[in-house]
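Here are the chains, one letter per residue:
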Amino acid sequence: MKVYFMLTISEVTELTGIAAPTLRYYEKEGLLPHVKRNENGKRLYDEEDLSWIHFVTALRATGMPIAQIQKYVYLYKEGDSTISERKGMMLHHKKEIEKSIRELYFNLDKINYKLALYDVLESQIARTNIKI
C-alpha cells in the first residue's frame, strides 16, 4: 500500500537540509516537474517530489549543469519515447563522475606521498635532536 502525504516547503527544508530559496529556484527552473500548490498558492511536496529533489541534488553535487538537468526533465515529461536519450545522458554523466573520481584518487595519492615524506623528515629531525 502506497502512503500519500503532502509536505510544506519548511517541512521539506527540515527533512532534506535544502534551503527554501533553493527549492523555489529548482521549481522556477523546471527541475521539479510536479510540485503542487494548495488553494492559497503554497507549495506542497509529495513522495515523488522528494525523489526528484534527491535526484536533482545528486546531479548538482556531481557537477551536472542546470541546463542539462532541465533537458533531462524536459525529456522525462515527453514520456517513454525518450528513455534511451535519458539513459544516454546518465551514462555520459556517470563517465564524467568516474573520471573525476580517478583524478581525485590520483591527486590524493600525491598528497599521501607528501604526508609520508613529512613523517620521515619529522622522525629524522626528532632523532637528531635527541641528546644523551
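The rules we used
- Residues numbered from 1 in each chain as written.
- Predicted model: local features only at pLDDT ≥ 70, side-chain atom pairs only at ≥ 80, totals over all residues.
- Heavy atoms only, no water.
- Phe/Tyr/Trp six-rings, centres within 6.5 Å; stacked < 30°, edge-to-face > 60°.
- Buried < 20%, exposed > 50% of the residue type's maximum accessible area, 1.4 Å probe, protein only.
- Helix = DSSP H or I, 4+ residues; strand = E, 2+ residues; numbered from the N terminus.
- pLDDT = per-residue confidence, 0-100.

S.K.: Where do I start with the packing of aromatic side chains in this structure?
M.R.: Any aromatic ring pair is given by two values, namely how distant the centres are and how the planes are angled relative to each other. Tallying each qualifying case throughout the model produces five aromatic pairs. Both rings, one in Tyr25 and one in Tyr26, keep their centres 6.4 Å apart while their planes meet at 50°; by these two values the pair is tilted. For Tyr26, a relative accessible area of 8% gives the class buried. Here Phe55 and Tyr72 contribute two aromatic rings whose centre-to-centre distance is 5.4 Å and whose plane-to-plane angle is 55°, an arrangement assigned as tilted. Linking Phe55 in helix H3 (residues 47-61) with Tyr72 in helix H4 (residues 66-78), this pair joins segments that are 17 residues apart in sequence. Three or more aromatic residues link up through ring pairs in this structure, and these residues are Trp52, Phe55, Tyr72 and Tyr76.

S.K.: Looking at this structure, how should I read the confidence of the model for the protein chain?
M.R.: Low pLDDT means the predicted atomic positions in that stretch should not be read closely. Residues at a pLDDT of 70 or more form 94% of the protein chain, whose mean pLDDT is 93. Summarising per-element confidence for the protein chain, the mean pLDDT is lowest in strand E1 (residues 36-37) (92) and highest in H4 (97).

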